[in-house]
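Chain residues, written in single-letter form:
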Amino acid sequence: MLQGMLKILEQARMEAVAMRSPVSAKFIKAFIDHGSYDATQNLMYISGQKLRQLVWEGREEKKQKNCLNAMCNARVTEGKKRHVGSAVIDRNFPKRRWDKVSDVVFIG
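Conventions and cut-offs
Residues numbered from 1 in each chain as written. Predicted model: local features only at pLDDT ≥ 70, side-chain atom pairs only at ≥ 80, totals over all residues. Heavy atoms only, no water. Axes fitted to C-alpha atoms, helices over the stretch in contact; angles between N-to-C directions. Helix = DSSP H or I, 4+ residues; strand = E, 2+ residues; numbered from the N terminus. Parallel < 35°, antiparallel > 145°, perpendicular 65-115°, else oblique. Left-handed = near helix turned anticlockwise from the far one by under 90°. Contact = heavy atoms within 4.5 Å. Salt bridge = Lys/Arg side-chain N within 4 Å of Asp/Glu carboxyl O. Buried < 20%, exposed > 50% of the residue type's maximum accessible area, 1.4 Å probe, protein only. Arc of directions from axis to C-beta.

K.L.:
Looking at this model, I keep getting lost on the packing of helix H1 (residues 2-18) against helix H2 (residues 22-34). Mind explaining?
P.N.:
Think of two packed helices as two axes; the pair is described by the angle between the axes and how far apart they sit. Orientation of H1 relative to H2, taken along the N-to-C sense of each, is 160 degrees, at an axis distance of 8 Å. Classified by the interaxial angle, the pair formed by H1 and H2 is roughly antiparallel. Considering only the axes of H1 and H2, their crossing is left-handed. Across the interface between the two elements, Leu6, Leu9, Glu10, Ala12, Arg13, Ala16 and Val17 of H1 pack against Ser24, Ala25, Ile28, Lys29, Phe31 and Ile32 of H2.

K.L.:
In this structure, what is going on with the pattern of salt bridges? I would like to understand it.
P.N.:
Pairing between side chains of opposite charge can happen when the charged atoms of each approach one another. Overall, the coordinates contain six salt bridges when judged by the stated rule. Lysine 65 is paired through a salt bridge with glutamate 61; the nearest N and O atoms lie 3.4 Å apart. Here lysine 65 pairs with glutamate 61, and both are found in helix H4 (residues 61-73), just four residues apart, close to one helical turn.

K.L.:
Can you walk me through helix H3 (residues 48-55) in this structure?
P.N.:
Three or four residues apart is the spacing at which side chains of an α-helix point the same way, because the helix has 3.6 residues per turn. Taken together, the buried positions of H3 are Gly48, Leu51, Arg52 and Val55. For H3, the angular spread of buried residues about the axis comes to 100 degrees, placing them on one side. On its buried face, H3 sits against H2, strand S2 (43-47), H4, strand S3 (97-99) and strand S4 (104-107).

Pasting the structure below:
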């Protein structure tokens, strides 16, 4: 199942690149390169701090957390304009969440 998850992640990353969404591509690439796989729930997970450092490097911590929160909570509905990156993440990974207590981000 890990290979299947990595294939989905890579396809989503390529879609983000094609739609010119570099932040979404970095977000997905971080899971490919540094994420761990939980076979029981078919989810990838990564430390929130590591993810913020990889995707939003150079920004202050509060802004990094705001960006991560927006990425994890973005929901795309028909007829509303959304950033293309949010659409790629939402379409491919509806079961994503950020556990703020343990600072772990899950994607699946």
